[in-house]
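Geometric and topological summary
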Amino acid sequence: MSLIKKEVGEFLVKAYQNREFKDITKDDLKGNWSVLFFYPADFTFVCPTELEDLQDHYQTFKEIGCEIYSVSCDTHFVHKAWHDHSDRIEKIQFPMLADPRHVLAKDFDVLIEDEGVAERATFIIDPDCRIVAYEITSGNVGRNADELLRKVQACQFVREHGDQVCPARWHPGVSTIKPDIDLVGAL
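Residues numbered from 1 in each chain as written. Predicted model: local features only at pLDDT ≥ 70, side-chain atom pairs only at ≥ 80, totals over all residues. Heavy atoms only, no water.

Details of the overall build of the chain
Basically, it comes down to this: Numbering of helices and strands starts at the N terminus; helices are DSSP runs of H or I of at least 4 residues and strands are runs of E of at least 2. Based on C-alpha atoms, the radius of gyration is set beside the globule rule, defined as 2.2 Å times the residue count to the power 0.38. Only protein chains enter the accessibility calculation, which uses a 1.4 Å probe. A residue is then buried if its area is under 20% of the maximum for its type, exposed if over 50%, and partly exposed in between. Contacts are assigned to residue pairs that have any heavy atoms within 4.5 Å of one another. For accessible areas, the Shrake-Rupley method is used with a probe of radius 1.4 Å. Any residue's cover is judged against the shown protein chains and nothing else.
Across its full length, the chain carries 4 helices and 9 strands. In the chain, the succession of helices and strands from N to C terminus is β-β-β-α-β-α-β-α-β-β-β-β-α. By the compact-globule yardstick of 16 Å for 187 residues, the chain fits well, its C-alpha radius of gyration being 17 Å. Counting only C-alpha atoms and orienting by the principal axes, one finds that the chain spans roughly 55 × 30 × 30 Å. Burial status across the chain gives 45% buried among its 187 residues. Sequence separation of 24 or more characterises 65% of the internal contacts of the chain that already satisfy a separation of 6 or more. For the chain, the exposed area adds up to about 9900 Å²; of that, 50% sits on carbon and sulfur atoms.

Let's talk about the packing of helix α1 (residues 47–63) against helix α4 (residues 145–160)
Basically, it comes down to this: Lines are fitted to the C-alpha atoms to define the axes, a helix being fitted only along its stretch in contact, and any angle between axes, read from their N-to-C directions, falls within 0 to 180 degrees. These descriptions rest on fixed angle ranges, namely under 35 degrees for roughly parallel, over 145 for roughly antiparallel, 65 to 115 for roughly perpendicular, and the rest for oblique. Here a crossing is called left-handed whenever its near helix is offset anticlockwise from the far helix by less than a right angle, and right-handed whenever the offset is clockwise. Three classes are used: nonpolar for Ala, Val, Leu, Ile, Met, Phe, Trp, Tyr, Cys and Pro, charged for Asp, Glu, Lys and Arg, and polar for all others, with Gly counted as polar.
Remark: α1 packs on α4, axes separated minimally by 9 Å, with the N-to-C direction vectors making an angle of 30°. With respect to each other, α1 and α4 are oriented roughly parallel. Taken as a pair, α1 and α4 cross one another with a handedness that is right-handed. Here Asp53, Leu54, His57, Thr60 and Phe61 of α1 lie close against α4, whose contacting residues are Ala145, Asp146, Leu148, Leu149 and Val152. By residue class, the composition of the contact of α1 with α4 is 6 nonpolar, 2 polar and 2 charged.

Focus on the pattern of salt bridges
As a reminder of what qualifies: Each salt bridge in this description consists of a side-chain nitrogen of Lys or Arg and a carboxyl oxygen of Asp or Glu lying within 4 Å of one another.
On inspection of all chains with the given rule, the structure shows 18 salt bridges. Note that Arg130 and Glu7 form a salt bridge whose closest N and O atoms lie 3.5 Å from each other. A residue pair is termed long-range when its members are at least 10 positions apart, and Arg130 in the loop between β8 (120–125) and β9 (131–137) and Glu7 in the segment before β1 (12–17) qualify at 123 residues. Overall, Arg130 belongs to the partly exposed group, its relative accessible area being 34%. The partner of Glu50 in a salt bridge is Arg143, and the shortest N-O contact between them spans 2.7 Å. Of this pair, Glu50 sits in helix α1 while Arg143 sits in the loop between β9 and α4, placing them 93 residues apart in sequence. The exposure classification of Glu50 matches that of Arg143, with both residues buried. One salt-bridge network, in which partners are shared between bridges, spans Glu7, Glu10, Lys26 and Arg130.

Purely geometric numbers; function is a separate question.
What follows is the structure in structure tokens.
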């Protein structure tokens with residue numbers, strides 16, 4: 001069953017950000033664009049490369065009004081320890097959400113029950129707290145922040161310009177398509 005247009009459920013989780021622990025709730029997502037970036041576990045192999053890639057693009061995400069939330073089923077204490085011991089992770093400025101009770105992993109249907117970890121999954125959430133795009137990837141394949149940024153920008157454009165659609169490889173400034181009966185079969 002598709003999760004598109006599903007509203008994010010209520011939640012309260014701990015996060016590690018900028019050398020502090022803090023609470024994050026659904027209210028933090030309301031009114032903003034958000035990316036929930038699930039990964040299997042801290043202190044692993046692919047995950048730090050992905051989070052570093054996101055950090056390298058974090059300022060651009062912030063400039064377009066989108067917050068990044070990385071999420072694993074580890075505790076906020078483990079996030080801090082990873083941050084303190086990894087050259088890649090110590091750069092992270094976005095909130096690292098802790099989901100040891102699997103509240104988010106279950107709500108987003110990405111919990112691998114037998115292992116107690118989340119799938120490698122990405123969700124783009126609109127300002128109404130609804131899922132507008134998502135992708136689940138094999139645990140041994142890393143994701144690309146450039147493509148995620150492009151998808152967020154396309155989702156934002158379509159929300160603002162509902163009469164237009166964004167073709168493959170669309171980027172801001174590139175022509176969009178306005179669906180019309182005369183275009184059927186012409187593209």
